[in-house]
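Single-letter residue listing:
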Amino acid sequence: MRLTPLSKSQIQWDQIRVIRFGWTADERLVILNEEGVYRLYDLQGDYEQHSLGNEAAELGLIDARIQDNGLVAMTGVLTLLEVKGWDGARPLTLASPGLTEPPHFWSVIPPDVNISRHVEVLLSVDTTILSVDNLEVVDQRISRGPFSHVSPSPNGKALAMLTFSGLLWAVSTDFQRSMAEFDTNTIHEAAGPVRQVEWCGNDAILVTWDNLVVLVGPYGDALKFPHSGPTFAVTELDGVRILGPDVCDMVQKVPPSSLSIFRPGSTTPSAILYTAWESFTQRSPKADESVRSIRPDLATAVDECIDAAGQEWEPYWQRRLLNAAKFGRGFLDLYNPTDFVNMGQTLKVLNAVRFYEIGIPITYSQYIHASPSQLIKRLTSRNLHLLALRISSFLSLKPDPVLKHWATAKILRSRPTTTGTGKDAELSADDEVCRLIVTKFEQLGGADVSYADIAKRAWEAGRSGLATKLLDHETRASDQVPLLLTMKEDRLALEKAVDSGDTDLVYHVLLHLHKRLNLGDFFRLIESGGPKLTAASRLLEVYAREQNREMLRDFYYSDDRRVESAILSLDEAARIQDQNSRIAAVKSAQKFFSDDKDRPFEAKMMEESMRLLTLQQQLEAETVQKVDFFGASVNETMRLCILNGLSKRADKIKSDFKVPDKSFTP
């Protein structure tokens with residue numbers, strides 16, 4: 001298979017020296033500089049920037065290996081740092097290999113194909129190989145080195161290693177089984193040093209020079225592919241991709257099903273079925289005889305024709321193989337057509353994305369391994385939303401990821417336009433984009449798409465007005481409110497939380513605002529909300545009464561709620577054990593009541609309560625704390641006075657507090 005590149009794009013690099021770049025599994029370009037700063041560029045040129053931390057910046061980096069889902073970097077002091085994923089996680093330091101000089105060559109076995117499920121680094125040091133993971137360093141104790149190239153196979157079970165003397169050696173990753181050897185010095189057409197050693201799937205090894213590519217088989221045989229210029233090889237799941245100045249070649253082992261059918265002189269059931277179909281199209285009676293001869297193995301032959309159709313690149317051969325399978329299926333009484341139908345759908349999708357205007361030369365095995373949803377992501381990353389949407393519909397997949405990416409791209413490409421002046425100025429483009437997104441979602445069934453996710457991207461792009469408009473269409477308040485808080489749309493966030501009826505969400509907003517705003521602004525926000533925020537005000541009171549009475553006191557004071565403040569002071573007085581503090585709390589309640597012209601009776605009662613508590617304090621002092629007067633009622637205080645020989649005191653209490661005669665018996 002050969003493709004011609006269609007377009008090029010450039011990235012302006014404004015950082016210091018680049019030490020390594022590579023691609024992630026989701027087709028983002030990773031560029032790492034010597035200070036440990038790396039950027040992730042998408043296919044549109046937008047990027048995220050992360051860092052390996054202070055340690056990498058101080059020590060500096062001299063080399064790195066970039067994998068699909070992470071990277072391993074070598075510092076200036078020859079230690080190894082691993083980064084898992086591409087979300088900016090902190091790097092992990094692997095076991096120290098104790099090197100005094102850089103290795104001759106090193107490579108990485110990714111954790112997803114390693115038996116330990118941890119990354120493993122292979123270092124070519126002197127004549128041996130050191131295996132390094134996060135726990136230990138193991139010397140493999142081999143003496144065939146040093147090695148100029150070390151390359152692990154895609155399944156992580158084998159290594160291809162090239163010595164400086166030109167000997168290519170294939171060995172298992174545990175170094176217990178030697179698989180093959182090949183002397184590259186026998187390639188007389190090669191000129192200059194070896195550029196790359198890569199695997200072709202898990203079956204063969206590719207060795208490249210400046211103008212020559214050699215494919216070495218498992219039995220030492222070799223195929224030569226001359227090129228007009230330097231090449232770069234990339235190992236893939238089921239083959240190897242060779243990039244040249246003007247071409248992109250895919251080298252692949254012939255699939256077993258195709259070999260079974262098309263091998264010259266093949267007598268397998270699938271080959272006979274294919275020949276029978278050809279005879280049938282030519283109206284030859286041999287077709288019936290051929291089918292009868294393979295009747296016991298006909299189902300297997302049909303399956304093999306279906307699989308061979310999936311392995312073909314040309315639609316012409318795909319159709320012929322599927323027609324042969326369809327012809328054989330007609331002779332079977334019981335056959336499940338699911339595989340046949342699925343293969344037809346899959347080939348239609350693959351042919352669409354392989355088309356030269358799309359340019360995604362994915363194989364059938366890669367498509368099955370990555371899943372259709374991954375292919376949809378690759379299309380959306382290229383802004384091929386219409387094709388992605390049609391494929392999603394064809395495969396009965398939800399259109400939500402496509403619509404979400406389309407909406408994000410629409411926001412980033414559009415520019416706000418202002419109409420009007422001053423306070424009457426409006427961003428007309430925001431209304432238009434919001435209306436377009438909502439209409440498209442409703443038409444195409446994107447009901448499950450979160451408007452909050454799209455609104456977040458709009459806010460990150462500096463379109464806060466558009467973000468607010470999009471959030472109005474979000475049905476889940478639990479998604480609306482956090483973004484509104486991030487946007488500092490405090491009042492709107494609180495109103496949405498109240499409208500949702502979710503008390504936990506209201507508390508979340510209240511506590512977040514209380515932490516972020518100063519107390520005066522926090523209380524003014526709630527007080528100025530009117531009836532819409534009445535529920536929030538009540539919930540705040542409930543919370544503060546149980547958890548933060550100081551905040552409740554401040555809230556009542558700022559809202560000029562004197563009666564509630566007085567009641568709160570009395571409630572606190574009932575809980576206080578210290579006598580002076582209790583008197584002070586009652587005095588505070590008396591002041592709040594006296595400030596309210598409608599509460600003269602309550603103010604007078606508080607004044608008498610203070611007098612009584614003060615008197616009780618004096619009585620306890622006179623009795624040397626032998627009698628507990630404090631907190632008792634007027635009648636109880638008089639009774640205690642009489643019982644303890646303080647009759648005159650009892651008479652004075654009766655007079656001062658105007659106790660009726662019938663309630664007082666001296």
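(A) Region of the structure containing the overall build of the protein. Within the protein one finds 25 helices and 26 strands. For a compact globule of 666 residues, the expected C-alpha radius of gyration is about 26 Å, and the protein comes in at 40 Å, more than 25% above that figure. Seen along its three principal axes, the alpha-carbon backbone of the protein occupies a region of about 130 × 65 × 60 Å. The buried share among the 666 residues of the protein stands at 45%. Across the protein, the fraction of contacts at a sequence separation of at least 24, relative to all contacts at a separation of at least 6, is 43%. Carbon and sulfur atoms make up 51% of the accessible area of the protein, which totals about 35800 Å². Averaging the positions of the 75 positive and the 89 negative side-chain charges in the protein gives two centres separated by 5 Å.

(B) Just the pairing of strand β7 (residues 70-75), in detail. Taken across its 6 residues, β7 has 6 buried, putting it largely inside the fold. Side chains of β7 alternate between two faces, with Gly 70, Val 72 and Met 74 and Leu 71, Ala 73 and Thr 75 buried alike. Bridge count between strand β6 (residues 61-67) and β7: 6 bridges; the pairing is antiparallel. Along β7, the bridge assignment pairs Gln 67 with Gly 70. Where β7 and strand β8 (residues 80-84) come together, 5 bridges link them in antiparallel fashion.

(C) Structural detail: the packing of aromatic side chains. This model, assessed by the stated rule, comprises 11 aromatic pairs. Ring geometry for Tyr 41 versus Tyr 47: centroids 5.1 Å apart, planes at 45°, classification tilted. Overall, Tyr 47 belongs to the partly exposed group, its relative accessible area being 42%. When the ring of Tyr 316 is compared with that of Trp 317, the centres are 5.2 Å apart and the planes differ by 80°; the resulting orientation is edge-to-face.

(D) Main features of the nonpolar core. Counting residues in each nonpolar core, the largest one holds 86 residues, and the members touching the most others are Val 353, Ile 437, Phe 441, Leu 470 and Phe 522. Among the elements that take part in this core, helix α5 (residues 298-311) stands out by supplying 7 residues, more than any other. Here Phe 522 is in contact with Leu 510, Leu 513, His 514, Leu 517, Leu 540 and Met 551, once residues within four sequence places are set aside. Leu 162, Leu 168, Val 207 and Val 216 belong to the second largest nonpolar core, which has 16 residues in total.

(E) Up close: the sheet that holds strand β2 (residues 18-23). The strand order across the open sheet built from 4 strands is β2-β3-β4-β5, with neighbouring strands paired in antiparallel fashion. The open sheet terminates on both sides in strands that have one partner only, identified here as β2 and β5 (47-51). Strand-to-strand twist of the sheet, defined as the mean angle between neighbouring strand axes without regard to direction, takes the value 15°.

(F) Focus on the packing of helix α24 (residues 634-643) against helix α25 (residues 647-656). Remark: α24 packs on α25, axes separated minimally by 7 Å, with the N-to-C direction vectors making an angle of 160°. On the basis of the axis angle, α24 is roughly antiparallel to α25. Both α24 and α25 take part in a crossing whose hand is left-handed. Facing Val 634, Thr 637, Met 638, Cys 641 and Ile 642 of α24, the residues of α25 in contact are Ser 647, Arg 649, Ala 650, Ile 653 and Lys 654. Along the lines of polarity and charge, the residues of the contact of α24 with α25 split into 6 nonpolar, 2 polar and 2 charged.

Parameters at a glance
Residues numbered from 1 in each chain as written. Predicted model: local features only at pLDDT ≥ 70, side-chain atom pairs only at ≥ 80, totals over all residues. Heavy atoms only, no water. Helix = DSSP H or I, 4+ residues; strand = E, 2+ residues; numbered from the N terminus. Rg over C-alpha atoms; globule rule 2.2 N^0.38 Å. Buried < 20%, exposed > 50% of the residue type's maximum accessible area, 1.4 Å probe, protein only. Contact = heavy atoms within 4.5 Å. Areas by Shrake-Rupley, 256 points an atom, 1.4 Å probe, with all protein chains shown as cover. Lys, Arg positive; Asp, Glu negative; His and termini not counted. Charge placed at Lys NZ, Arg CZ, Asp CG, Glu CD. Pairing = 2+ DSSP bridges. Phe/Tyr/Trp six-rings, centres within 6.5 Å; stacked < 30°, edge-to-face > 60°. Core = buried A, V, L, I, M, F, W, Y, C linked by side-chain atoms within 4.5 Å. Axes fitted to C-alpha atoms, helices over the stretch in contact; angles between N-to-C directions. Parallel < 35°, antiparallel > 145°, perpendicular 65-115°, else oblique. Left-handed = near helix turned anticlockwise from the far one by under 90°. Nonpolar A, V, L, I, M, F, W, Y, C, P; charged D, E, K, R; others polar.

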